[in-house]
Amino acid sequence: MPTLIIANKCHSSWSLRPWLLMREFGISFDEVLIPFSDPIGNAEWKEKVRKYSPGGKVPALVDRDAVVWESIAIMDYLADLYPDLPVWPKGRPARAMARSIAAEMHAGFAALRKACPMNLGKKFAARDRGPEVAKDVARIVEIWTTARERFGQGGPFLFGAFCAADAMYAPVVTRFETYSLPADPVCRRYMDAILGTEGFQEWRAAALEEPWIVPEDEVDEEPIEVYRKAA
Ligand SMILES: N[C@@H](CCC(=O)N[C@@H](CS)C(=O)NCC(=O)O)C(=O)O
């Protein structure tokens, strides 16, 4: 059985992506969680991660004699390993867009990621987070709306059924939720579909039990809701 190496469920957005994909597709795996210590990615933490992955980051997947790191490479590895599972959508144009938006996520949206770190333990009020974040938000809304319009007929996800592109955007959905980012009804329905998956519910429940505080992922704002005991 493969082993997925991850970090804190409350904060590690990259870890959530392949974890959710594997859960939603019913792929069995063992999980090794290496909690962040302060600061994120310090030498002690990296030494533990490098025992599994040469990249020194999470997530990483160890499968027998293979190691794969980078979230998008893990998804492609799983698609190769399980060719009968629709990890990527089946139709050619849908698949083209799914891969493109997954790559766009993997490479981009730095302003949003920096200003709004994933934090499942709290909710913050809507506020102006600057023009760069607004640009990222507008592009994400455009991506979700286009995918839903063109390919979303068969279900509530970007391409109808849940696929790797949804896994890539799941942490962004949580950021929209945590930071009360503006979501029109199409985006809201999509967000609810992601947040309502069994996999995400399981991940969130575990996140809310975590005792670790990660200062770098806490914004300097008063929350309007606190869900995690350790906060
Ligand atoms: N591009 C990588 C990003 C992985 C990443 O940055 N992971 C974070 C945790 S969410 C990490 O390992 N941070 C520690 C560090 O940067 O040293 C991927 O897609 O997997």
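Residues numbered from 1 in each chain as written. Predicted model: local features only at pLDDT ≥ 70, side-chain atom pairs only at ≥ 80, totals over all residues. Heavy atoms only, no water.

## Some thoughts on the site of the ligand
- The ligand sits among 13 residues. The nearest are Lys-46, Val-58, Glu-70, Ser-71 and His-106.
- Glu-70 has a polar side-chain atom sitting 2.6 Å from a nitrogen atom of the ligand.
- Within the side chain of Ser-71, an N or O atom sits 2.6 Å from an oxygen atom of the ligand.
- For the ligand, the accessible surface in isolation is 510 Å², of which the surrounding protein chains cover 83%. (Near = heavy atom within 4 Å. Polar contact = N/O pair within 3.5 Å; in protein donor to acceptor, adjacent residues only side chain to side chain. Areas by Shrake-Rupley, 256 points an atom, 1.4 Å probe, with all protein chains shown as cover.)

## Concerning the pairing of strand β2 (residues 30-33)
- Here strand β1 (residues 3-6) pairs with β2 via four bridges, running parallel. Along β2, the bridge assignment pairs Thr-3 with Asp-30.
- The β-α-β motif built from β1, the intervening helix α1 (residues 13-24) and the parallel element β2 has right-handed crossover chirality. (Pairing = 2+ DSSP bridges. Helix = DSSP H or I, 4+ residues; strand = E, 2+ residues; numbered from the N terminus. Right-handed = clockwise from strand over helix to strand, strands pointing away.)

## A closer look at the side chain of Ser-15
- When you line up the elements, Ser-15 lands in helix α1.
- Of note is the side chain of Ser-15, whose polar atom sits 3.1 Å from the backbone nitrogen of Ala-7.
- Within polar-contact distance, the side chain of Ser-15 engages the side chain of Ser-12 at 2.5 Å.
- In this view, Ser-15 contacts Ile-6, Ala-7, Val-58, Pro-59 and Trp-203; residues no more than four positions away in its chain are not counted. (Contact = heavy atoms within 4.5 Å.)

## Things to note about the environment of Gly-56
- Positionally, Gly-56 belongs in the loop between α2 (43-50) and β3 (60-63).
- Here the alpha-carbon distance between Gly-56 and Lys-46, two residues 10 residues apart in the chain, equals 5.3 Å.
- Setting aside anything within four residues of it in sequence, one finds Gly-56 in contact with Trp-45, Lys-46, Val-49 and Arg-50.

## Observations concerning the pattern of salt bridges
- Counted under the stated rule, the structure contains 14 salt bridges.
- With its nearest N and O atoms 2.6 Å apart, the salt bridge here joins Arg-127 to Glu-221. Taken as a pair, Arg-127 in the loop between β5 (122-123) and α6 (131-151) and Glu-221 in the loop between α9 (198-209) and β6 (225-226) lie far apart in primary sequence, 94 residues in all. (Salt bridge = Lys/Arg side-chain N within 4 Å of Asp/Glu carboxyl O.)

## Some points on the packing of helix α3 (residues 71-81) against helix α4 (residues 92-107)
- Orientation of α3 relative to α4, taken along the N-to-C sense of each, is 150°, at an axis distance of 10 Å. It follows that α3 is roughly antiparallel to α4 by the angle criterion. Counted together, Ser-71, Ile-72 and Asp-76 of α3 and Arg-99, Ala-102, Ala-103 and His-106 of α4 form the full contact between these two elements.
- Within the contact of α3 with α4, the residues separate by chemical class into three nonpolar, two polar and two charged. (Axes fitted to C-alpha atoms, helices over the stretch in contact; angles between N-to-C directions. Parallel < 35°, antiparallel > 145°, perpendicular 65-115°, else oblique. Nonpolar A, V, L, I, M, F, W, Y, C, P; charged D, E, K, R; others polar.)

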